[in-house]
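A closer look at the structure
Each chain, written out:
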Amino acid sequence: GEDVEQSLFLSVREGDSSVINCTYTDSSSTYLYWYKQEPGAGLQLLTYIFSNMDMKQDQRLTVLLNKKDKHLSLRIADTQTGDSAIYFCAESFLGGYQKVTFGIGTKLQVIP
Amino acid sequence: DAGVTQSPTHLIKTRGQQVTLRCSPKSGHDTVSWYQQALGQGPQFIFQYYEEEERQRGNFPDRFSGHQFPNYSSELNVNALLLGDSALYLCASSLISLDRSNYGYTFGSGTRLTVV
């Protein structure tokens, strides 16, 4: 079945790196995503990775995928106060034509 | 270029009533998906519409129904509202490519529904 698990909370100091972790269970997942939700807003797609990739880097964001352990992580370099938000890990098969399954979200608090 | 537009932004209804939520997809998108996000939870998939038909449905009762119009906009209807239906309802649009893949949704800001 489909299930995505994340830790609930992470606190880091401004300028440090943040690492948000996620595990998923659906071995047929083709796309894995990281979304960001700020208070009172919808979800913003930050980055995605195909399940045949191990790593993807996009400016301050680095996504690592361990397919064997079904583990996904998001590293934010030089974390800023504007990065404070809830981060959702999500998975889907065949992209948007199929449903996207979201985790519960990790609340990132950046301390100035 | 407008993104995904949802209306209304906030709504208060009484238990047992019916509600209709509306969504206009991002320009160029042809698929609309609806999600329910309860407080402190991740979004839960309700259903997805493509070519005016429901293509896939999550684990939601028949009280939840929808529609997609020829201009790709969509409505979510909920009948016989329960207190537990209180949540943020998110609409997401996407473009289905020939191989039924895309790279994620564009989400609207949601409709906050409170059932009292």
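Look up: the structure comes first, before these words.
In short, a report on the structure. (Residues numbered from 1 in each chain as written. Chains lettered and ligands numbered in written order. Predicted model: local features only at pLDDT ≥ 70, side-chain atom pairs only at ≥ 80, totals over all residues. Heavy atoms only, no water.)

**Some remarks on the overall build of chain A**
- Each helix and strand in chain A was counted, giving 0 helices and 11 strands.
- Ordered by position from the N terminus, the helices and strands of chain A form the series β-β-β-β-β-β-β-β-β-β-β.
- Expected size for 112 residues packed as a compact globule is a radius of gyration near 13 Å; at 13 Å, chain A falls within 12% of this value.
- Its C-alpha atoms give chain A principal-axis dimensions of about 40 × 30 × 20 Å.
- Residue pairs in contact within chain A that sit at least 24 positions apart in sequence constitute 56% of those at least 6 positions apart.
- For chain A, the accessible area works out to roughly 5300 Å², and carbon and sulfur atoms hold 50% of it. (Helix = DSSP H or I, 4+ residues; strand = E, 2+ residues; numbered from the N terminus. Rg over C-alpha atoms; globule rule 2.2 N^0.38 Å. Contact = heavy atoms within 4.5 Å. Areas by Shrake-Rupley, 256 points an atom, 1.4 Å probe, with all protein chains shown as cover.)

**Observations concerning the state of the cysteines**
Residues and elements named next belong to chain B.
- Applying the stated criterion across every chain yields a total of 2 disulfides over all chains.
- Paired through a disulfide, Cys23 and Cys91 show a sulfur-sulfur distance of 1.8 Å. Classification of the bridge connecting Cys23 and Cys91 rests on its S-S torsion, roughly -60°, and on that basis the disulfide is left-handed. Of this pair, Cys23 sits in strand 3 (residues 19–24) while Cys91 sits in strand 9 (residues 87–94), and the two are 68 residues apart along the sequence. Just as Cys23 is buried, Cys91 falls in that class too. (Disulfide = S-S within 2.5 Å. Buried < 20%, exposed > 50% of the residue type's maximum accessible area, 1.4 Å probe, protein only.)

**Some details on the sheet that holds strand 1 (residues 5–7) of chain B**
Residues and elements named next belong to chain B.
- One open sheet holds the 4 strands; their spatial order is 1-3-8-7, and the pairing between them is antiparallel. Both outer strands of the open sheet, strand 1 and strand 7 (64–68), are each paired with one neighbouring strand and no more. Ignoring which end each strand starts from, the neighbouring axes of this sheet average 15° apart.
- In this structure, strand 3 lies alongside strand 8 (residues 74–78), joined through 5 bridges in antiparallel fashion. Bridged to Cys23 within strand 8 is Ser74. (Pairing = 2+ DSSP bridges. Axes fitted to C-alpha atoms, helices over the stretch in contact; angles between N-to-C directions.)

**What to know about the sheet that holds strand 3 (residues 18–24) of chain A**
Residue and element names in this part refer to chain A.
- Across the sheet, which stays open at both edges, the 5 strands sit in the order 1-3-8-7-6 with antiparallel pairing between neighbours. The open sheet has two edge strands with one neighbour each: strand 1 (4–6) and strand 6 (55–58). The average undirected angle you get between the axes of adjacent strands in this sheet is 15°.
- Relative to strand 8 (residues 71–76), strand 7 (residues 61–66) is paired through 6 bridges, and the arrangement is antiparallel. If you follow Asn66 over to strand 8, its bridge partner there is His71.

**Comments concerning the pattern of salt bridges**
Residues and elements named next belong to chain B.
- Under the criterion given, the structure shown has 7 salt bridges over all chains.
- Between Arg22 and Glu75 there is a salt bridge whose closest N-O contact spans 3.4 Å. Here Arg22 is found in strand 3, whereas its partner Glu75 is found in strand 8, with 53 residues between them in sequence.
- Exposure remark for Arg22: the relative accessible area of 43% places this residue in the partly exposed category.
- A salt bridge links Arg55 to Glu51, with the nearest nitrogen and oxygen atoms 3.1 Å apart.
- Since its relative accessible area comes to 51%, Glu51 is described here as exposed. (Salt bridge = Lys/Arg side-chain N within 4 Å of Asp/Glu carboxyl O.)

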